[in-house]
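The residues making up each chain are set out below.
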Amino acid sequence: MFETIDSIISRDPAARSRLMVILTYPGVHALAFHRFAHGIHRIGLQLIARLISMIARLLTGIEIHPAASIGKRLFIDHGYGVVIGETAVIGDDVTLYHAVTLGGTSLRGGKRHPTLGHRVIVGAGAKVLGPITVGDDARIGANAVVVEHVPAGATMVGVPAHILQTRMAPQGFTAYGTPTNAEDDPNHIAVQQVLARLNALEAKLERV
């Protein structure tokens, strides 16, 4: 328990103490409910497990299916609107921000939801859909919609999401999964492309 709390403090400068995290972080409460519901689900009491997860959703605004598999030190920051589907698998040291969906795209049985590797960061409002794999150390930018496999170390942005950059070495923690360097910012890149186009058109007009 304290291992998870300490990992949250290391990722959130607003977390001032263990007590603050325990009392005021809905992601911690939702995860505690899930651990209990997951154990109940595994022994076959599926209805009771779903009722526990429903209570957790009402109290925290976070919906985690009791069958979902969650690794160590998950941090659900802010949390409201997070949805984690039945066959989702989440590795260790993953960070999810509010309004993230790990959803399914099929009505068939079997694996329908994403698998997230270790140290993945999924930014606010992002949707990761289908039985895809998100590799270790990947970053999913805010509001991205991911429907294809994500390589390890990749940063994904856009709708549908595309690779902004790929780094094989671990990048360290990046808040909201969004690049902080100007050259990596998709908005900065877009503006630079527009300016380059304008400069080319101005040069062409001068020649005419």
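Within every chain, residues take consecutive numbers counted from 1 along the sequence as written. Owing to the predicted nature of the model, reporting of local features is limited to residues with pLDDT of at least 70; listing and counting of side-chain atom pairs is limited to 80 or more, with chain, interface and lining totals taken over all residues. The side-chain quantities take in all heavy atoms of the structure and omit both hydrogens and water.

> What's the story with the pattern of salt bridges in this structure? I'm lost.
Any carboxyl oxygen of Asp or Glu within 4 Å of a side-chain nitrogen of Lys or Arg constitutes a salt bridge here. All chains considered together, the criterion is met by six salt bridges. Across the salt bridge formed by Arg112 and Glu86, the nearest N and O atoms sit 3.0 Å from each other. Residue Arg112 is found in the loop between strand E7 (101-103) and strand E8 (115-116), and its partner Glu86 is found in the loop between strand E4 (83-84) and strand E5 (89-90); the two are separated by 26 residues along the sequence. Per-residue accessibility, obtained with a 1.4 Å probe over protein chains only, is compared with the maximum for each type, and a residue is labelled buried under 20%, exposed over 50%, and partly exposed between these values. The buried category is assigned to Arg112, whose relative accessible area is 18%. Accessibility expressed as a relative area gives 30% for Glu86, which makes it partly exposed. Between Arg119 and Asp137 there is a salt bridge, with its nearest N and O atoms 2.7 Å apart. Here Arg119, found in the loop between E8 and strand E9 (121-122), pairs with Asp137, found in the loop between strand E11 (133-134) and strand E12 (139-140); they are 18 residues apart in sequence, far enough to count as distant. According to the relative accessible area criterion, Arg119 is partly exposed, its value standing at 35%. Secondary structure counts use DSSP, requiring at least four H or I residues in a row for a helix and at least two E residues in a row for a strand, with both numbered from the N terminus.

> Help me understand the sheet that holds E11, please; the structure alone is not making it clear to me.
By this definition, two strands are paired if DSSP reports at least two bridges between them. Pairing is parallel across the open sheet formed by four strands, whose spatial order is E2-E5-E8-E11. Strands at the two margins of the open sheet, each flanked by one partner only, are strand E2 (69-70) and E11. For E2 and E5, the ladder comprises two bridges, and the chain directions are parallel. Looking across to E5, one finds that Ile70 is bridged to Ile90.

> Where do I start with the environment of Thr4 in this structure?
Tracing the sequence through the fold places Thr4 in helix H1 (residues 2-11). Remark: the alpha-carbon pair of Thr4 and Arg18, spanning 14 residues in sequence, is separated by 10.0 Å. Residues are treated as being in contact if the distance between any of their heavy atoms lies within 4.5 Å. Apart from the residues lying within four places of it in its own chain, the contact partners of Thr4 are Leu31, Arg73 and Leu74.

> Which parts of the structure should I look at to understand a nonpolar patch on the surface?
Together, Leu47, Leu51, Met54, Ile55, Leu58 and Leu59 line one region of the surface with nonpolar side chains, adding up to about 630 Å² of accessible area. Within the secondary structure, Leu58 is located in helix H4 (residues 46-60). Look at Leu58 and you get exposed, because its relative accessible area is 65%. Two joining distances apply to patches: 9 Å for like charges and 5 Å for nonpolar side chains (Val, Leu, Ile, Met, Phe, Trp, Tyr), and every residue must have over 30% relative accessible area and no salt bridge. Surface exposure here means Shrake-Rupley accessible area, sampled with a 1.4 Å probe, where a residue is shielded only by the protein chains that are shown.

> Looking at this structure, how should I read the sheet that holds strand E10 (residues 127-129)?
Strand pairing in a sheet relies on backbone hydrogen bonds. The paired strands run either parallel or antiparallel. The five strands lie next to each other as E1-E4-E7-E10-E13, forming an open sheet whose pairing is parallel. Of all the strands in the sheet, just strand E1 (63-64) and strand E13 (145-146) have a single pairing partner and so form its edges. Sheet analysis places E1 next to E4, joined by two bridges and oriented parallel. Residue Glu63 lies in a different strand from E4, and its bridge partner there is Val83.

> Sorry, what's going on with the side chain of Thr95 here?
Within the secondary structure layout, Thr95 lies in strand E6 (residues 95-96). Within 3.5 Å is the distance limit for a polar contact, defined as a pair of N or O atoms, with the added protein rule that one can donate a hydrogen and the other accept it, and that residues adjacent in sequence qualify only through two side-chain atoms. Side chain to side chain, Thr95 and Arg11 meet in a polar contact 2.8 Å long.

> Help me understand the nonpolar core, please; the structure alone is not making it clear to me.
Inside soluble globular proteins, nonpolar side chains tend to come together where they are buried. In these notes, a set of buried Ala, Val, Leu, Ile, Met, Phe, Trp, Tyr and Cys residues joined through side-chain atoms within 4.5 Å is what counts as a nonpolar core. In this structure, Ile84, Leu96, Leu102, Val122 and Ile140 are the most contacted members of the largest nonpolar core, which totals 31 residues. Where this core is concerned, the elements lending two or more residues are helix H3 (26-42) and strand E14 (154-157). One finds Ile5, Val21, Tyr25 and Val28 within the second-largest nonpolar core, a separate group that totals seven residues.

> Please explain unusual backbone geometry as it appears in this structure.
Note: most peptide bonds trans; most residues except glycine with negative phi. The amide bond that connects Val159 to the next residue, Pro160, takes the cis arrangement and shows omega of -10°. Mapped onto the elements, Pro160 comes out in the loop between E14 and strand E15 (162-166). Within the chain, Ala99 stands out as a residue other than glycine whose phi angle is a positive 65°. By the element assignment, Ala99 lies in the loop between E6 and E7.

> Explain empty space enclosed by the protein here, please?
A probe as big as a water molecule, rolled over the atoms, marks out the empty space that is left. Only protein atoms enter the 1 Å grid, on which a cavity is a set of points fitting a 1.4 Å probe that cannot get out and a pocket is an open set with protein on both sides within 12 Å along at least 5 of 7 lines, lining residues being those with an atom within 4 Å of a point. Grid points are joined across faces, edges and corners, and a volume is the space filled by probe spheres set on the points. Overall, the coordinates contain one cavity of 30 Å³ or more when judged by the stated rule. Counted as a void, the largest cavity has a volume near 50 Å³. Lining the largest cavity we find Ala30, Phe33, His34, Ala37, Ser53, Ala56, Ile62, Glu63 and Ile64. Mapped by element, the contributors of at least two residues to the lining of the largest cavity are H3, H4 and E1. Here the lining of the largest cavity is composed, by residue class, of six nonpolar, two polar and one charged. Charged means Asp, Glu, Lys or Arg here, nonpolar means Ala, Val, Leu, Ile, Met, Phe, Trp, Tyr, Cys or Pro, and polar covers whatever is left, Gly included.

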